[in-house]
Amino acid sequence: MTPQAKEKFMQAAIVEAQKAQAKGEVPIGAVVVHEGQIIGRGHNLRESQQDSLAHAEVLAIREANQALNSWRLNDCQLFVTLEPCPMCTGAILNSRLDAVYYGASDLKAGACGTIMNLLDDPRLNHQADVEKGICQKECLSLLQDFFQQLR
């Protein structure tokens, strides 16, 4: 995938994060891409749905499952503004995504290389490629601005 395509898809994830922010949610957004097309979108909805599972990645994966009518997301990539947590990384592995591209590292819960890398563990039945830092400044700025406004 070209750097331009990666940036284009991360920008779509950023739009999702902005939707979360407009709802008073932590601004995290995600999209799932298959054959160069977005087939799943999601943004954080934990507060509005009072659902601990309503992470952007999980919602985007669910929509992609529906689009392909399959729980398997082979040949699909996930773009997310913040490094996935252990729960979302489990969903990534279970859905068989090929690659994860994220913007900002999560120093408290990052499971794609910061605290641990579950996506590269050969003991598990699936692995996925990881690339970090796509539109990093913009992704990080969204989060920093959100939390600064809360204080």
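Let me sum up the structure you'll find in this document.

The rules we used
- Residues numbered from 1 in each chain as written.
- Predicted model: local features only at pLDDT ≥ 70, side-chain atom pairs only at ≥ 80, totals over all residues.
- Heavy atoms only, no water.
- Helix = DSSP H or I, 4+ residues; strand = E, 2+ residues; numbered from the N terminus.
- Contact = heavy atoms within 4.5 Å.
- Salt bridge = Lys/Arg side-chain N within 4 Å of Asp/Glu carboxyl O.
- Buried < 20%, exposed > 50% of the residue type's maximum accessible area, 1.4 Å probe, protein only.
- Phe/Tyr/Trp six-rings, centres within 6.5 Å; stacked < 30°, edge-to-face > 60°.
- 1 Å grid on protein atoms, 1.4 Å probe; cavity = no way out; pocket = protein on both sides within 12 Å on 5 of 7 lines; lining within 4 Å.
- Points joined across faces, edges and corners; volume = space filled by probe spheres on them.
- Nonpolar A, V, L, I, M, F, W, Y, C, P; charged D, E, K, R; others polar.
- Disulfide = S-S within 2.5 Å.
- Pairing = 2+ DSSP bridges.
- Axes fitted to C-alpha atoms, helices over the stretch in contact; angles between N-to-C directions.

1. Notes on the environment of Tyr101
For Tyr101, the location among the structural elements is in strand S4 (residues 99-104). In this structure, the C-alpha to C-alpha distance between Tyr101 and Ala67, residues 34 residues apart in sequence, is 20 Å. In this structure, Tyr101 is in contact with Met1, Lys6, Met10, Gln77, Leu78, Phe79, Val80, Glu131 and Ile134, ignoring residues within four places of it in sequence.

2. Details of the pattern of salt bridges
By the definition in use, this model includes three salt bridges. In this structure, Glu131 and Lys6 form a salt bridge, with 2.7 Å as the shortest nitrogen-oxygen distance. Taken together, the positions of Glu131 in strand S5 (residues 129-132) and Lys6 in helix H1 (residues 3-22) put the pair 125 residues apart, joining distant regions of the chain. Its relative accessible area of 13% is what places Lys6 among the buried residues.

3. Description of the packing of aromatic side chains
Summed over all chains, the structure comprises three aromatic pairs. Plain terms: the ring middles of Phe9 and Phe79 are 5.4 Å apart, the flat faces sit at 45° to each other, and that makes the pair tilted. Here the residue Phe9 occupies a position in helix H1, and Phe79 occupies one in strand S3 (residues 76-82), the gap between them amounting to 70 residues. As far as burial versus exposure is concerned, Phe9 and Phe79 are alike and both buried. An angle of 80° between the planes, with centres 5.2 Å apart, marks the rings of Phe146 and Phe147 as edge-to-face. Of the residues examined, Phe146 reaches a relative accessible area of 8% and is grouped as buried. Here a set of aromatic residues connected by ring pairs shows up, and it is made of Phe9, Phe79 and Tyr101.

4. Let's talk about the layout of surface pockets
Remark: the empty space left among the atoms is shown by a probe the size of a water molecule rolled over them. In this structure, the largest pocket encloses a volume near 580 Å³. Around the largest pocket, the lining comprises 22 residues; the ones closest to its centre are Ile28, Leu82, Asp106, Leu143 and Phe147. Looking at the lining of the largest pocket, the elements with two or more residues in it are helix H3 (56-68) and helix H5 (136-150). Element by element, the count of residues in the lining of the largest pocket is highest for H5, at four residues. Across the lining of the largest pocket, the residue classes tally to 13 nonpolar, four polar and five charged.

5. Overview of the state of the cysteines
With the rule as written, the count across this model stands at zero disulfides. In this structure Cys76 is not part of a disulfide, and its nearest cysteine sulfur, from Cys112, lies 16 Å away. You can see Cys135 has no disulfide; the closest cysteine sulfur is in Cys139, sitting 5.9 Å from it. Judged by its relative accessible area of 17%, Cys135 is buried.

6. Digging into the sheet that holds S5
Pairing is mixed in the open sheet, where five strands are placed in the order S2-S1-S3-S4-S5. Of all strands in the sheet, those bounded by a partner on one side alone are strand S2 (37-43) and S5. The average angle at which neighbouring strand axes cross in this sheet is 15°, direction not considered. Sheet topology places S3 next to S4; five bridges connect them, and they run parallel. Counted as the bridge partner of Phe79 is Tyr101 from S4.

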